[in-house]
Amino acid sequence: MYIAGINAERAGVSGFKTMVGRYSHRKRERFWEIDFLRGLCVLLMVFDHFMYCLWGVMPTINQVLGTNLFAEWQSASIRYWEWNVRVNVREIVICIFFLLCGISCTLTRGNFRRFIPLALVALGISSVTYLLDETFLDGSFIIFGVIHMISCGILMYALLDNAVSAVCALLGEGKRARTAEKILRYIPGAVGVAFLIVLFALYADIEIRNGAFTIVSTFPRSPDNAENIFRSIFLFVRGYNFTTVSADYFPILPYAAVILTGGIFGRAIYHTAAKYTFMPLDGAWNRGFCFLGRHSAFIFVAHMVVIPMLMGICGLIFKLFI
């Protein structure tokens, strides 16, 4: 019995090592828990945007087409949008998503290549929404939204990580050099934490209003509106509602700092043996969310256009039958 138990234990260890080897020899390692969480976050974001479009976009479509499609859902969507549970869950979800973005930054050396297409997409979003704002959908112009912020966060990580690589190249070889490099690789994440500490120590507070967590800025407002717009790209400005000029808004601080902070988790978990902790739980049960996670960038960008477009198409079809 004792020998059989040892053999079973060895077989289990051997099977686990085989599984680790199969993961390790892939051309590019993927960790199902990252894809799963990213897919879950994207799905919740899509639902959130759908509810926003019900009261923020559909009424304009109905006004243009002379229809009343989904009009009865508008009050429910407004209640959902103002629900304190939704506000708190939203902040948690977006912070998890940005942390995952930072973790992903540690799994590639091609962060400049990741930044370029995102920056082009952000530029395209600003261009298209400007035209929509001028011609059809008033208040839809996005000056600095979530894609703009993510691209800035990835660029910041790339610059810091490349600077660390340059320093590490000067350290030479040897055990001490390798140990120093492991420590220095945490610098982008440490910078993110430092940004957050400075922000909430000097320029912002977290308050609970009506059961919802809210970031309250203490950064002074300027009498010059153009200067307020410029400042708002970097952080919240006290008494200035940037959403009146930008339909989507995510300032660099605190959100890009959260992306940088994700680098700490990436280095501590996915550059050590701990990265295989959740591997035994992988299976068919998570395939749907993992699929969404693997294509999260495309889904995240596409849903911003697809949802309003589908609502417009539904409005046109509804108009044909009234």
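Residues numbered from 1 in each chain as written. Predicted model: local features only at pLDDT ≥ 70, side-chain atom pairs only at ≥ 80, totals over all residues. Heavy atoms only, no water.

**Student:** Is there a simple way to think about the UniProt feature "transmembrane region" (unreviewed entry) in the chain in this case?
**Tutor:** Within the UniProt annotation, "transmembrane region" (unreviewed entry) is assigned to residues 36-58, 89-108, 115-132, 144-171, 183-204, 252-270 and 297-318. In the segment residues 89-108, helix accounts for 85% and strand for 0%; the C-alpha atoms at its two ends are 29 Å apart. With 100% helix and 0% strand, the stretch residues 252-270 has end C-alpha atoms that lie 25 Å from each other. (UniProt positions renumbered as here; feature names shortened; annotations may be inferred. Helix = DSSP H or I, 4+ residues; strand = E, 2+ residues; numbered from the N terminus.)

**Student:** Mind showing me how you'd approach the environment of V216 here?
**Tutor:** Note on placement: V216 falls in strand 2 (residues 212-217). Taking relative accessible area as the criterion, V216 reaches 17% and is therefore assigned buried. Other than its neighbours up to four places away in sequence, V216 contacts Y203, A204, D205, E207 and R209. (Buried < 20%, exposed > 50% of the residue type's maximum accessible area, 1.4 Å probe, protein only. Contact = heavy atoms within 4.5 Å.)

**Student:** In this structure, what is going on with the pattern of salt bridges? I would like to understand it.
**Tutor:** Inspection of the entire model under this criterion finds 10 salt bridges. Between D48 and R90 there is a salt bridge, with its nearest N and O atoms 4.0 Å apart. Here R90 lies in helix 5 (residues 84-105) and D48 lies in helix 2 (residues 32-56), a separation of 42 residues in the sequence. The partner of R90 in a salt bridge is E91, and the shortest N-O contact between them spans 3.3 Å. (Salt bridge = Lys/Arg side-chain N within 4 Å of Asp/Glu carboxyl O.)

**Student:** Any chance you could explain the packing of helix 2 against helix 5 here in plain terms?
**Tutor:** Orientation of helix 2 relative to helix 5, taken along the N-to-C sense of each, is 140°, at an axis distance of 10 Å. It follows from the interaxial angle that helix 2 and helix 5 lie oblique. Handedness of the crossing formed by helix 2 with helix 5: left-handed. Residues I34, L37, R38, C41, V42, L44, M45 and D48 of helix 2 form the contact with helix 5, whose participating residues are R86, R90, V93, I94, I96, F97, L100, I103 and S104. Looking at the contact of helix 2 with helix 5, its residues break down into 12 nonpolar, 1 polar and 4 charged. (Axes fitted to C-alpha atoms, helices over the stretch in contact; angles between N-to-C directions. Parallel < 35°, antiparallel > 145°, perpendicular 65-115°, else oblique. Left-handed = near helix turned anticlockwise from the far one by under 90°. Nonpolar A, V, L, I, M, F, W, Y, C, P; charged D, E, K, R; others polar.)

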